[in-house]
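Results of the structural survey
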Amino acid sequence: MKKIGRLERPDNFGSVRMFDNPVLERLSRTHISIPISMFGILSAISFYYALDTTIPLSKGLVILFAGYIFFTFVEYMMHKYFFHMEPDTPMKDKLQYSVHGVHHDYPKDKDRLAMPPFVSAAYAAIAYLIFKLIMGDFAYYFLPGFLIGYASYLGVHYIVHAYNPPKNFLKILWVNHAIHHYKNPDVAFGVSTPLWDIILGTMPKKE
């Protein structure tokens, strides 16, 4: 199995101290409810402003759904090409490990199943500025869809690590992510949906 972290095999019961500074160490951890709540609030605020534009609600909801689908694509591409970048320099190695490698080493460390709130807030702010620049008032509908996608990703990522899989069609999310962590990290990059793995050919092969 290709190594993404630094341990020989994942530690399902442990954690690791990433920073000597206690403040930085605390900031590197978060309860999953904090970023999810934050994205929910920001989505509601953006949607409120969207309703004050001249864009018809029917068209706005289509744009909102497009924002959600766009996030699932960003989720896939970030996971595949950024989180799993080839750490061919010391700087890349430190960045890759801090952002994602530590999660592969300690996959059930619940305090590190989401980016710290200040990083998530920065992502949301940057996304808003880019969307607003590109699409004007349509961004007020597009951003909630994007953030709902982000929140759903965080929620799914948390529950697939924290709970046993259900006995229904959602089980595929647990199975795919387990394969990604414990068998083949070069497949199943989609966490909230297998959509882009299916389209781009990175679904785990059936044995």
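Residues numbered from 1 in each chain as written. Predicted model: local features only at pLDDT ≥ 70, side-chain atom pairs only at ≥ 80, totals over all residues. Heavy atoms only, no water.

Next up on the list: the confidence of the model for the protein. Here the protein shows a mean pLDDT of 94. Residues at 70 or above account for 98%. Looking over the protein, one finds the lowest element-wise mean pLDDT in helix α1 (residues 22-27), namely 89, and the highest in helix α8 (residues 195-200), namely 98. (pLDDT = per-residue confidence, 0-100. Helix = DSSP H or I, 4+ residues; strand = E, 2+ residues; numbered from the N terminus.)

Below, the discussion takes up the pattern of salt bridges. Evaluated as defined, the whole model comprises eight salt bridges. Notably, a salt bridge pairs R6 with D93, separated by 3.0 Å at the nearest N-O pair. Taken together, the positions of R6 in the segment before α1 and D93 in helix α4 (residues 90-105) put the pair 87 residues apart, joining distant regions of the chain. A relative accessible area of 46% means that R6 is categorised as partly exposed. A relative accessible area of 30% places D93 in the partly exposed class. The residue E25 makes a salt bridge to R112 at a minimum N-O spacing of 2.9 Å. (Salt bridge = Lys/Arg side-chain N within 4 Å of Asp/Glu carboxyl O. Buried < 20%, exposed > 50% of the residue type's maximum accessible area, 1.4 Å probe, protein only.)

Here the structure, examined in full by the defined rule, presents 20 aromatic pairs. Each ring, one from F131 and one from F142, has its centre 4.8 Å from the other, and the planes form 80 degrees; the classification is edge-to-face. In this pair, F131 sits in helix α5 (residues 117-135) while F142 sits in helix α6 (residues 139-162), placing the two residues eleven residues apart along the sequence. Residue F131 shares its accessibility class with F142, and that shared class is buried. One cation-aromatic arrangement involves R6 over Y97; the distance from NZ or CZ to the ring centre is 4.0 Å. (Phe/Tyr/Trp six-rings, centres within 6.5 Å; stacked < 30°, edge-to-face > 60°. Lys NZ or Arg CZ within 6 Å of the ring centre and 35° of its normal.)

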